[in-house]
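What follows is the residue order along each chain.
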Amino acid sequence: MKLGLRPPTALILFGPPGSGKGTQAKLLKECMKVPHISTGDMLREQVASSGPLGQKVKGIMATGRLVPDEVVNELVEERISRDDCARGFILDGYPRTIAQAEQLELTLKPKGFAQVVIHLKVDYTSIIARLTGRRQCPKCGTLYNQSSNPPKNDEQCDLDGTRLVIREDDREEVIRERLEGYDHQTRPILEYFAASGHPFHEVDGNSVGPQAMLQRICGLLAVE
Ligand code: AMP
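One structure accompanies this document, and this report is about it. (Residues numbered from 1 in each chain as written. Predicted model: local features only at pLDDT ≥ 70, side-chain atom pairs only at ≥ 80, totals over all residues. Heavy atoms only, no water.)

## A word on the site of the ligand
Under the convention used in this document: Consider each residue's heavy atoms; a residue with any of them within 4 Å of a molecule or strand counts as near. Polar contacts, as used here, are pairs of N or O atoms within 3.5 Å; protein pairs need one atom able to donate a hydrogen and one able to accept it. Residues neighboring in sequence count only if both atoms are side-chain atoms. Note on areas: Shrake-Rupley with a 1.4 Å probe; residue coverage comes only from the protein chains shown. By the criteria applied, helices consist of DSSP H or I runs no shorter than four residues and strands consist of E runs no shorter than two, each listed in order from the N terminus. We call Asp, Glu, Lys and Arg charged. Ala, Val, Leu, Ile, Met, Phe, Trp, Tyr, Cys and Pro are nonpolar, and the rest, Gly among them, are polar.
If you check the shell around the ligand, you find 16 residues, and the closest are Thr39, Arg65, Gly93, Arg96 and Gln100. Measuring from a nitrogen atom of the ligand, one finds a backbone N or O atom of Gly93 at 2.9 Å. For the ligand, a nitrogen atom lies 2.9 Å from a polar atom in the side chain of Gln100. In isolation the ligand offers 480 Å² of accessible surface; the protein chains occlude 96% of this area. The element contributing the most residues to the shell around the ligand is helix α2 (residues 39-48), with 4 residues. Taken together, the residues of the shell around the ligand break down into 6 nonpolar, 4 polar and 6 charged.

Here it is, written out as structure tokens:
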């Protein structure tokens, strides 16, 4: 596989929680050989290390609300300024508000980066079913699903044997809160993207497995 994107590009995976952004980002990272930047993972690392930032965001994340823009903007700016992002990177879960999208534009434009948006469309009923069955390896971050993608050994990571966990924000009431936040704060960015002139693609993710979805995305990006 080779990178089909020129100039250096921020590939933005956009969609509601549970639409498969994280899974697709991990698969795309392998074939495109560029870093996967997940603001959710970065924030969970902060919470796990119990530093001041982690303590500040822990309660917000547990209830499914969004962390303040300035916190995530700073984390992303620092991450994308590193050398490994010079050829491009994949954004998963960022931007999530118009203020974040505007900040990203301000950061990337002077560096000559293009932006390509992939919108993963999935119905909310499938999302609730997916997220309540989701399990994650706390060590390497690999995602599983009890029905569609179970681990080989009950509740253990296939890659390192670590016991899988249910994320605190994958409880049904929190999922509903996250979807509501998506509708109010995140979905409006679609119009911002449409008006910004960046290439924009939609992928229907209903009733499609991860590999079929990957093929659709690669087709759109002309990654071979
Ligand atoms: P995710 O793993 O992307 O679903 O993110 C988990 C949680 O982290 C979200 O429910 C938010 O509380 C927080 N979070 C992740 N990314 C962002 C972002 N771009 N802006 C604000 N909060 C975020």
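## Quick word on the packing of aromatic side chains
Rules: Two aromatic rings, drawn from Phe, Tyr or Trp (for Trp, its six-membered ring), form a pair once their centres lie within 6.5 Å of each other, and the interplanar angle then sorts them: stacked below 30 degrees, edge-to-face above 60, tilted otherwise.
Using the criterion set out here, one finds 4 aromatic pairs in the structure. Here the aromatic rings of Tyr192 and Phe193 are separated by 6.3 Å at their centres, their planes lie at 65°, and the arrangement is edge-to-face. In this structure an aromatic cluster arises from ring pairing among Phe14, Tyr182, Tyr192 and Phe193.

## Quick word on the packing of helix α1 (residues 21-32) against helix α9 (residues 210-221)
Worth spelling out the cut-off: Comment: axis = line fitted to C-alpha atoms, over the contacting stretch for helices; angle = value between 0 and 180 degrees taken between N-to-C directions. Reported orientations rely on four angle classes, namely roughly parallel under 35 degrees, roughly antiparallel over 145, roughly perpendicular from 65 to 115, and oblique for the rest. Definitions for this section: a left-handed crossing has its near helix turned counterclockwise from the far helix by less than a right angle. A right-handed crossing has that turn clockwise. Note on definitions: a residue-residue contact is assigned when non-hydrogen atoms from the two residues lie within 4.5 Å.
Close contact between α1 and α9 brings their axes to 10 Å; oriented N to C, the two are set at 55°. In terms of orientation, α1 lies oblique with respect to α9. When the axes of α1 and α9 are compared, the crossing they make is right-handed. In this structure, α1 uses Thr23, Gln24, Leu27, Leu28, Cys31 and Met32 to contact α9, whose residues at the interface are Pro210, Gln211, Met213, Leu214, Ile217, Cys218 and Leu221.

## Points about the sheet that holds strand β2 (residues 36-38)
Inclusion rule: Between any two strands, pairing holds if DSSP finds at least two bridges.
Strand order across the open sheet formed by 5 strands is β2-β3-β1-β4-β7, with parallel pairing between neighbours. Among the strands making up the open sheet, the edge pair consists of β2 and β7 (200-204). Averaged over all pairs of adjacent strands, the angle between their axes in this sheet comes to 20°, without regard to strand direction. Two elements, strand β1 (residues 9-14) and strand β4 (residues 114-121), share 6 bridges in a ladder whose sense is parallel. Opposite Phe14, over in β4, you have His119 as the bridge partner.

## Some words on the pairing of β1
Applied cut-off: Categorising residues by exposure relies on relative accessible area from a 1.4 Å probe, with only protein chains included: less than 20% of the type maximum marks a residue as buried, more than 50% marks it as exposed, and the intermediate range marks it as partly exposed.
Within β1, 6 of the 6 residues are buried, which leaves it mostly tucked inside the rest of the structure. Burial along β1 is two-sided: the residues Thr9, Leu11 and Leu13 and Ala10, Ile12 and Phe14 are all buried. Relative to strand β3 (residues 88-92), β1 runs parallel, the two being bridged by 5 bridges. If you follow Ala10 over to β3, its bridge partner there is Phe89.

Note that all results are geometric; they support no functional claim without further evidence.
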